[in-house]
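Coordinate inspection notes
So you can see what is in the structure, the chains are spelled out below.
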Amino acid sequence: MTAQTDTQGSVTTVYKVSGMSCGHCEGSVSGEISGLPGVTSVKAVASTGEVTVVSAAPLDDETVRAAVDEAGFELVDQA
């Protein structure tokens, strides 16, 4: 899992999610993670299984895992 803090203080983390195969999958995962407190941006890419999350502060991995599970997918790890 990779987390980087940029100059404006936001944190970008890339997660690996298994099971995404289409745009609908991307939307489901993005929608659940977007609802987490502090999240400002989410980009899910089904072809790579990567979900890039920008947040105000580092996110708790278990909170992200629960959101991904709620969308019907599995958080494998941070990329």
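Notes on the structure in this doc start here. (Residues numbered from 1 in each chain as written. Predicted model: local features only at pLDDT ≥ 70, side-chain atom pairs only at ≥ 80, totals over all residues. Heavy atoms only, no water.)

With that settled, consider the overall build of the protein chain. Each helix and strand counted, the protein chain has 2 helices and 5 strands in total. Ordered by position in the sequence, the α and β elements of the protein chain form the string β-β-α-β-β-α-β. Across the protein chain, the fraction of contacts at a sequence separation of at least 24, relative to all contacts at a separation of at least 6, is 60%. Summed over its atoms, the accessible surface of the protein chain is roughly 4200 Å², and 48% of this surface lies on carbon and sulfur atoms. (Helix = DSSP H or I, 4+ residues; strand = E, 2+ residues; numbered from the N terminus. Contact = heavy atoms within 4.5 Å. Areas by Shrake-Rupley, 256 points an atom, 1.4 Å probe, with all protein chains shown as cover.)

This model, assessed by the stated rule, comprises 1 salt bridge. With a shortest N-O distance of 3.4 Å, Arg65 and Glu62 are connected by a salt bridge. Here Arg65 and its partner Glu62 are both found in helix 2 (residues 61-70), 3 residues apart, which amounts to about one turn of the helix. (Salt bridge = Lys/Arg side-chain N within 4 Å of Asp/Glu carboxyl O.)

Glancing now at the environment of Lys16. Mapped onto the elements of the fold, Lys16 is located in strand 2 (residues 11-18). The class of Lys16 is partly exposed, set by a relative accessible area of 31%. For Lys16 and Glu74, which are 58 residues apart along the polypeptide, the C-alpha to C-alpha distance reads 8.6 Å. (Buried < 20%, exposed > 50% of the residue type's maximum accessible area, 1.4 Å probe, protein only.)

It is worth spelling out a negative patch on the surface at this point. Where like charges cluster on the molecular surface, the negative patch consists of Glu32, Asp69, Glu70 and Glu74. Within the fold, Glu70 resides in helix 2. (Patch = residues over 30% accessible without salt bridge, like charges linked within 9 Å, V, L, I, M, F, W, Y side chains within 5 Å. Lys, Arg positive; Asp, Glu negative; His and termini not counted. Charge placed at Lys NZ, Arg CZ, Asp CG, Glu CD.)

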